[in-house]
Protein chains: 2
Amino acid sequence: MTLDRAGRRPLYEQIKEAIAAAIESGGLPPLTKLPPTRTLARQLGVDRVTVVTAYNELAAEGYISAHVGRGSFVLDRATSSWAAPPGLRAPADWTAHNLNREMMRMARRPDIISFAPGMPATDLLPVDAYRLALNRVLRRDGPEVLQYGLVEGYPPLLTAIAAELAAMGIEVEPGQLLITSGTEQALALVLRTLLHPGDTVLIEQPTYALVLDVLAGSGVAVQPVPCDENGVIPGALPDLIARCQPRLLYLTPTFQNPTGACMPLARRQQLLDVAARHDLLVLEDDVYAHLWLDAAPPPSLRALDRTDHVIYTNGYSKCLLPGARIGYLVAPAHLHSLLATAHQTLDVSASELHQRALEMYLREGRFAGHLVRLRSAYRQRRQAMLESLAAAMPAGAAWTRPGGGLYCWLQLPLDGPSATTVYLHALDLGVAFAPGHLSFPPGTLETGGSHHLRLNFTLHPPATIATGILRLARAWQQAAGLRG
Amino acid sequence: MTLDRAGRRPLYEQIKEAIAAAIESGGLPPLTKLPPTRTLARQLGVDRVTVVTAYNELAAEGYISAHVGRGSFVLDRATSSWAAPPGLRAPADWTAHNLNREMMRMARRPDIISFAPGMPATDLLPVDAYRLALNRVLRRDGPEVLQYGLVEGYPPLLTAIAAELAAMGIEVEPGQLLITSGTEQALALVLRTLLHPGDTVLIEQPTYALVLDVLAGSGVAVQPVPCDENGVIPGALPDLIARCQPRLLYLTPTFQNPTGACMPLARRQQLLDVAARHDLLVLEDDVYAHLWLDAAPPPSLRALDRTDHVIYTNGYSKCLLPGARIGYLVAPAHLHSLLATAHQTLDVSASELHQRALEMYLREGRFAGHLVRLRSAYRQRRQAMLESLAAAMPAGAAWTRPGGGLYCWLQLPLDGPSATTVYLHALDLGVAFAPGHLSFPPGTLETGGSHHLRLNFTLHPPATIATGILRLARAWQQAAGLRG
């Protein structure tokens, strides 16, 4: 950075603009820590107040987040989908919604114990059994397994999934299914195909962050539905429906992300009654259904639906093969072909080899045994996390005891530091989590999730979980100014 | 179907509405052949004129396509993206744009020799070498290969692709690359992220059908650029730019789909000059670059670009691993992060296992040898197709002699039957192709592609190609009424 000391522009402004330009060009990528004001002042040969002023301006304009005594970090404002829709305010101190990408990266750093990403434990993925299935298919089918697949999916896999669904009480013909590149794509497909600018979609609050990302900037209004510890409150729907005329309701009735809530049977039936009475389309995300730990959840909405109001999506990313990108949709007949066409314009088809190998794996009857092993390990990990939280968290913190799924939902003391402030300390101390505000739509609730953390309790063995939670407690203490 | 003979509604109307309802409910799926009028009249105990009237009404309303003497077929009107944008007219006798899905299905029927799909020959895919790479990676990396990958892609694969691109004259850092689920997804990503309703995009005419599908109903105006046998004519651009202020130009300079045109070097440089002078963003689809048969094509636009106006996309679907769904993007720095965020909302990441296995395959240096074998076989197949066409096609037909890529572009005599009419006869006789109108934007040219066929010359061994082209010639003769 070279300053024009003879020019008429103030030095602080020149510094500010040089840094802003570096951020906009990508020279200073998001989450870069800027040099301390004292250091930069010395390097540039200017007064420290000049640098502080420049930093304050950058923070006011949303380029950086400044935390007194902890340094300043580059925010991802250019690409933040929170920033995209006009008229919506970014959360007070954190605009990086694609922090998700950052979290995936953190999860791979060996020095960080990450509870952040929404993925299952790597060490429990059945790589040996899947390798056998892959090789059987490669030998049996030859080069065909490398070819493009059908848009709808590999027919025998459709049949296998229909059988799996039948065991879950969902009666579908294979022809009603549509294989997608992960459940994530199924959601994007439904939301982008069925919703148009000006439409309203009802969601749980908090909800799955990716869905907010898909909808950001689409012109679709996001309307939260009142929820309690059992999920969406059906009684709140009729008023909302009358007021917003929503196009659909997106929800995860079983082991919700991030709260872990599981809707009881009676409430599921009430919800379906409301949907039928008001002709409300429901998009059910059932991706955590297999991951129950105490008792099997009630039947899915789709299993209980008698009036064809439920689009059902599930997949194998949260319990078996995250990287294979295999999910699926069950849609009412009149929507199936529309969604299949839209699928083709997204990426033609899911991986043919993975579809065939998964079908082989399922046919060999390995899935049930894998789930039994997974549940047993996840129970131990859940216990380790609950015990560690009880031992380490400050007074005033509260957390859920999940009956399944991947997440523990933790609320920090509301009079202490926010989750995003704690996050920066946590990275320094070698632990990561998903800040709660990612699960709240922007603008609907100014402080939504500001003191919440989503902790994936499945990712590490018990001893590592205990270490990570201790680091987290220390990060909170640092952020609260209790120790340095 | 039960008719109310005592009611006041005419019988033909009851028949029409029963069939329309069956089509709308999916009971009669697209391309279903309706019973002959004579047969249905006998079954229902009505006069044949009653059924003919019902069929005529259905055809007039776009439910079915009626071909005198050949029967009536259900059209896919509900889901046709051609029908979506208001104000655009569907092609006269064929509205099923998602005929693409149908073509994929046809390609798997053993009784049909299909030249239709845009995929490489199955029999030449290197399944043995790839199986070795898969197993090496599974043994080396363990369960990690089944986990979610990074949104940007598997870092060593990014490095390997950067090296491959360097050999093609394209200098990129691995960090500038973004792996996508096939080149198809790369195109969808760019088009959906950078274009907004009201924007105009310039395209070649004819162009890649999927791009028209991605844009259909998006509110983006599609403006064809004048082309000749060497592709886009740069001199035509300034006027168009002044008139339409396009957001970008999408093109395939090398072995274009469907024409096979390859733009000469001088024209590439002229095009880049225009892009730089008018600040026009260019989306270059280079997916056929490796498939040259006579001489290597000129450097890509991206290799020649000195002003950062080219977004480059390529992948492995047309020459190596169609079903693995691995493509990639090279975007100017200021767009990379935006596209990466959008990628995450589409399907998180491409298959991690395939990315690692592909990296292993490339690292083992197998790709070059595979391409040599592919070119040798494709040359034979091209020759078989050109010779068969010369022997069998009617006077007045004309076709290209492709220097690479996958396609031969055939024009039927303009005073004879249309390509879609021939298509129906062809299916009966056991041969399939891609009707040319799929490559033309609706509304811009009423008869665009009406007598064109896209023939993939790579899919079958020479003897099968010869048989298929003979069947095609017979289908044309039938459609022309020359023999029955």
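Above this text sits the structure in question.
First things first, this report covers the structure right here in the doc.

Bringing the sheet that holds strand 17 (residues 452-456) of chain B into the picture now. All names here are of chain B. The strand order across the open sheet formed by four strands is 13-14-17-16, and the pairing between neighbours is antiparallel. Strand pairing shows two members of the sheet lacking a second neighbour, strand 13 (398-399) and strand 16 (434-435), which therefore form its edges. Bridge analysis of strand 13 against strand 14 (residues 407-411) gives two bridges, and the strand direction is antiparallel. In the sheet register, Ala398 faces strand 14, and the bridge partner there is Gln411.

Once that is clear, we can look at the sheet that holds strand 17 (residues 452-456) of chain A. All names here are of chain A. Within the open sheet, the four strands sit side by side as 13-14-17-16. Their pairing is antiparallel. Unpaired on one side and paired on the other, strand 13 (398-399) and strand 16 (434-435) mark the two borders of the sheet. Here two bridges tie strand 16 to strand 17, and the two strands are oriented antiparallel to one another. Looking at the pairing, Ala434 lines up with Arg454 of strand 17.

Residue-level contacts link 56 residues of chain B with 57 residues of chain A. The element contributing the most residues to the side of chain B that touches chain A is helix 12 (residues 333-347) of chain B, with nine residues. Tallied by class, residues from the side of chain B that touches chain A come to 26 nonpolar, 20 polar and ten charged.

Residue and element names in this part refer to chain B. Summarising burial for strand 11 (residues 310-315): six of the six residues are buried, a large majority. What you see with strand 11 is no split at all: Val310, Tyr312 and Asn314 on one side and Ile311, Thr313 and Gly315 on the other are buried throughout. Relative to strand 11, strand 10 (residues 281-285) runs parallel, the two being bridged by four bridges. Bridge pairing in strand 11 links Glu284 to Tyr312. Across four bridges, strand 11 lies against strand 12 (residues 327-330) in antiparallel orientation. Bridge pairing in strand 12 links Tyr312 to Val330.

Laying chain B over chain A is done by rotating through 179° and shifting 0.0 Å along the axis; what remains is an RMSD of 0.1 Å. In symmetry terms, the pair is related by a two-fold rotation axis. A high fraction, 100%, of the interface residues of chain B reappear at the interface in chain A, so the copies pair face to face through one surface.

Analysis parameters
Residues numbered from 1 in each chain as written. Chains lettered and ligands numbered in written order. Predicted model: local features only at pLDDT ≥ 70, side-chain atom pairs only at ≥ 80, totals over all residues. Pairing = 2+ DSSP bridges. Helix = DSSP H or I, 4+ residues; strand = E, 2+ residues; numbered from the N terminus. Contact = placed C-beta atoms within 7 Å. Nonpolar A, V, L, I, M, F, W, Y, C, P; charged D, E, K, R; others polar. Buried ≥ 20, exposed ≤ 12 C-beta atoms within 10 Å, placed from the backbone. Least-squares fit on C-alpha atoms with pLDDT ≥ 70 in both.

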